[in-house]
Amino acid sequence: MNQLLEVSEISKLLKCNKNKVYELIKSGQLQGLKLGRMKVSTIELENFLSRNSGKDLTDPFNVKEIS
């Protein structure tokens with residue numbers, strides 16, 4: 001079932017801080033939508049993880065393959 005998660009929930013699932021989630025959204029790596037607060041669908045989160053498996057997203061504006 002598709003649900004909307006807030007940035008704080010996404011950051012806990014990805015084990016990163018909220019600023020990193022906002023950076024991923026701003027860079028276009030993670031698609032968010034704003035309904036009051038920024039939210040991400042669970043389907044988008046799953047797609048994001050699949051698309052970026054094996055990649056270094058330390059700088060989401062300059063994504064690299066993990067070597």
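Peer 1: Honestly, the pairing of strand β3 (residues 37-41) in this entry has me stumped. Any pointers?
Peer 2: Along any regular strand, the residues point their side chains to alternate faces of the sheet. Most of β3 is tucked away: four of the five residues are buried. In this structure, strand β1 (residues 4-6) lies alongside β3, joined through three bridges in antiparallel fashion. Paired with E6 across the strands is K39, a residue of β3. Taken together, the three bridges between strand β2 (residues 33-35) and β3 define a ladder with antiparallel strand orientation. By the bridge assignment for β3, L35 is matched with R37.

Peer 1: Can you walk me through the confidence of the model for the chain in this structure?
Peer 2: Reading fine detail from the predicted coordinates is not recommended where pLDDT is low. Per-residue pLDDT for the chain has a mean of 96; in total, 100% of the residues score no lower than 70. Per-element mean pLDDT across the chain ranges from 95 in β2 up to 98 in helix α1 (residues 7-14).

Conventions and cut-offs
- Residues numbered from 1 in each chain as written.
- Predicted model: local features only at pLDDT ≥ 70, side-chain atom pairs only at ≥ 80, totals over all residues.
- Heavy atoms only, no water.
- Buried < 20%, exposed > 50% of the residue type's maximum accessible area, 1.4 Å probe, protein only.
- Helix = DSSP H or I, 4+ residues; strand = E, 2+ residues; numbered from the N terminus.
- Pairing = 2+ DSSP bridges.
- pLDDT = per-residue confidence, 0-100.

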